[in-house]
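A structural walkthrough
As a plain string of letters, each chain reads:
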Amino acid sequence: MFAPWSDPISLTRAWCLYELFIASVEGELVVAMPAREEADFVSTIRFRFDEIARSLSRLSLARAQAFSAADRAAIFGAVEQTVGVHALDATVLAAVRAWLLDAGLRALAAGGGEASDVMLSSRLAVLLEGAGRRDEAEGMYRRALSAQEAHEGAAHAETLSTALNLAVLLLAAADSGGADARAPRLAEAEALLRRALAGFDELCGAAEGGDDDGVSKHEKDAVIALSNVGRLCASTGRLDEANECYTRGLERARAKLGAESAELYLLMGQCALLRYDRGDVDGAIVQLRDAIAGRTRVLGESHVSTLFALGRLAQMLRAKGELAEAEALTVTLVERRERTLGVDHADTLESVVARAWFLEARGDAERAQRLYEHALRGLAPELSLIHISEPTRRTPI
C-alpha cells in the first residue's frame, strides 16, 4: 500500500521495507493505493514524473522507523545476518523502479496529450536503460528527442538532455557491441555530444547573472557532456584530444561547480585512467587516489562510482607489482560490493575473481578455487576485469 504516494508510509517503516524485500526476492511487488491517491498519481506520472521519482528514491532502511527499539534491533539483526542493509535498499529500490517503469509505460500507452507524452518518454527511457532494456531505451530516447525537437526546439534544455542521454547510451553500446555497429554508433554519439555541449554552453551564457540554480544545472550538464566527449575520444585512440577535453572539464568544474562537486571527482577519475593509458602510471595512481578520496566525501564509500575507482586503483597497483596494497583494496572492494550490491551481483563476482587471483598467487590454491567456482557460476564465460571507462550521466531515480 503506497499512501500517500508522495511520501508512502510503507517506505518509512523498517518492517515494511523488510517485507518489500522478501516480496521482491520471492514473489512479485504489487502496489495498491486508495482511489483518490491513485487518481492523483496517474495525473502526476504524466506531468510531474520527477516528483514521483524523487519521492520513491528516498527509501532507506537505515532511516526507517520501527515500533520500538527492540523491533528495530531485531529487523536490523536479521538483515545484517543475511543480505545486508545496503543490498536490501538496492533490491527494494530496483523493484520500485520496475513498478514505476511499468506504471509509466501504461500511462504512455493510454495517451494523455503530446506535451506530457514527450516528457514522460524521456524519463522512461532512462529507467528502461537502467533496467538493462537497452534497445527499448534507445527507441524511447529517439521518440522523445524527435518530439522535443519538433515542439520545444533543438536548443531547449530538455531536448539537449535527451540528446546527451542518447549519446551516452550509444557510447556504451559501441563499447560492448560488435565491430560492425561500433563505428556508426560512435559517430552518432559524438555528433550528439558536441551538439549537447554547444547547446549547454549557450544556455550557460544566457543564464549568467540570472537564477543561480539554472546556471549550475546547465554547467553540470555541460561538464557531463564534455567528459563524455573526452571518454569517446579516449575509446577511439584520440588521446591528446581526450586529454584536452578532460583538462577543460576539470577547470570548468572547479570554477563553476566548486571544489567538492561530484562532477569534479568523477572527471578526475577519468583523467587518471587516461594518464594510465598514456603510460604515466605513477601520476595516474596519485590522481586516482585523489578522485577516490573526493568521491568518498561527496558520494560515499559505497557509491558505485567510488567502488569503480577503488577497483581500478587495485588493478593499477597489481600491475605495478605493489601486491600487498592491491590485495587489501580488493578485499575491501569485495566486502563493500557484497554489502551494497549483494553477493551475486556481476560487479561483486568480478571482484571475487580478483581476490581469488591473489590467493592463488600466494599459494592458497584451495581457497582460490572455491572463489573461482563461486564467481564463475554467476558470470558469463568471458570476463572483462578492466573497463575502458565509466559512464557519466544523469538519472531521475
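Computed from a predicted model, the values in this text were never measured in an experiment. (Residues numbered from 1 in each chain as written. Predicted model: local features only at pLDDT ≥ 70, side-chain atom pairs only at ≥ 80, totals over all residues. Heavy atoms only, no water.)

**A word on the overall build of the chain**
Tallying secondary structure elements over the chain gives 17 helices and zero strands in all. Across the chain, every contact between residues at least 6 apart in sequence was considered, and the portion connecting residues at least 24 apart equals 65%. For the chain, the accessible area works out to roughly 18,600 Å², and carbon and sulfur atoms hold 53% of it. (Helix = DSSP H or I, 4+ residues; strand = E, 2+ residues; numbered from the N terminus. Contact = heavy atoms within 4.5 Å. Areas by Shrake-Rupley, 256 points an atom, 1.4 Å probe, with all protein chains shown as cover.)

**A look at helix H11 (residues 239–257)**
Between its first and last C-alpha atoms H11 spans 25 Å; for 19 residues at 1.5 Å apiece the expected length is 27 Å, and the two agree. For H11, every residue scored as buried is listed here: Ala242, Cys245, Tyr246, Gly249, Leu250, Arg252, Ala253 and Leu257. Positive phi appears at Gly258, one or two residues downstream of H11, with a value of about 105°. (Expected span 1.5 Å × (residues − 1). Buried < 20%, exposed > 50% of the residue type's maximum accessible area, 1.4 Å probe, protein only.)

**Considering the packing of helix H6 (residues 114–130) against helix H7 (residues 134–151)**
For any two helices packed against each other, the geometry comes down to the angle between their axes and how far apart the axes lie. One can describe the packing of H6 onto H7 by two numbers: an axis separation of 8 Å at closest approach and a directional angle of 150°. The pairing of H6 with H7 is recorded here as roughly antiparallel in orientation. The chirality of how H6 crosses H7 is left-handed. Between H6 and H7, the contacting residues are Glu114, Val118, Ser121, Ser122, Leu124, Ala125, Val126, Leu128 and Glu129 on the first element and Glu136, Ala137, Met140, Tyr141, Arg143, Ala144, Ala147, Gln148 and His151 on the second. A breakdown of the residues in the contact of H6 with H7 according to their chemical character gives ten nonpolar, four polar and four charged. (Axes fitted to C-alpha atoms, helices over the stretch in contact; angles between N-to-C directions. Parallel < 35°, antiparallel > 145°, perpendicular 65-115°, else oblique. Left-handed = near helix turned anticlockwise from the far one by under 90°. Nonpolar A, V, L, I, M, F, W, Y, C, P; charged D, E, K, R; others polar.)

**A closer look at the environment of Glu19**
Relative to the elements of secondary structure, Glu19 occurs in helix H1 (residues 14–26). On the accessibility criterion, Glu19 (42% relative accessible area) is partly exposed. Between the alpha carbons of Glu19 and Val92 there is a distance of 9.6 Å; along the sequence they are 73 residues apart.

**Let's talk about the packing of aromatic side chains**
This model, assessed by the stated rule, comprises two aromatic pairs. Centre to centre, the rings of Trp15 and Tyr18 are 5.6 Å apart; their planes meet at 40°, and the pair counts as tilted. Here Trp15 and its partner Tyr18 are both found in helix H1, three residues apart, which amounts to about one turn of the helix. Over the face of the ring belonging to Phe358 we find Arg318, whose NZ or CZ atom lies 6.0 Å from the ring centre. (Phe/Tyr/Trp six-rings, centres within 6.5 Å; stacked < 30°, edge-to-face > 60°. Lys NZ or Arg CZ within 6 Å of the ring centre and 35° of its normal.)

**A short note on the pattern of salt bridges**
A full pass over the atoms with the stated rule returns 24 salt bridges. Notably, a salt bridge pairs Glu136 with Arg133, separated by 2.9 Å at the nearest N-O pair. Accessibility expressed as a relative area gives 42% for Glu136, which makes it partly exposed. Since its relative accessible area comes to 32%, Arg133 is described here as partly exposed. Taking the shortest distance from any N to any O, the salt bridge between Lys320 and Asp282 comes out at 2.6 Å. One end of the pair, Lys320, is in helix H14 (residues 304–320); the other, Asp282, is in helix H13 (residues 281–298), and 38 residues separate them in sequence. Since its relative accessible area comes to 39%, Lys320 is described here as partly exposed. Through salt bridges with shared partners, a single network forms among Glu190, Arg194, Arg238 and Glu241. (Salt bridge = Lys/Arg side-chain N within 4 Å of Asp/Glu carboxyl O.)

**A closer look at H7**
Taking 1.5 Å as the rise per residue, H7 with 18 residues should run 26 Å; its terminal C-alpha atoms sit 25 Å apart, in good agreement. Taken residue by residue, H7 has Ala137, Glu138, Met140, Tyr141, Ala144, Leu145, Ala147 and Gln148 as its buried positions. Among the residues trailing H7, Gly153 stands out with phi positive, at a value near 100°.

**Looking at the confidence of the model for the chain**
Mean pLDDT over the chain stands at 85; residues scoring 70 or higher make up 89%. Least confident of the elements in the chain is helix H3 (residues 49–56), whose mean pLDDT is 70; most confident is H13, at 96. In this model residues 381–391 is a low-confidence stretch, pLDDT under 50, and it forms 26 contacts with partners more than four residues away in sequence or in other chains. Segment residues 393–397: pLDDT under 50, and 25 contacts once partners within four positions in sequence are set aside and those in other chains are kept. (pLDDT = per-residue confidence, 0-100.)

**Notes on the packing of helix H12 (residues 262–277) against H14**
Here H12 crosses H14 at 20°, and the two axes come no closer than 11 Å. Considered as vectors, H12 and H14 are oriented roughly parallel to each other. With respect to the hand of their crossing, H12 and H14 are arranged in left-handed fashion. Residue-level contacts link Leu266, Ala272, Leu273 and Tyr276 of H12 to Ser305, Phe308, Arg312, Met316 and Ala319 of H14. Along the lines of polarity and charge, the residues of the contact of H12 with H14 split into seven nonpolar, one polar and one charged.

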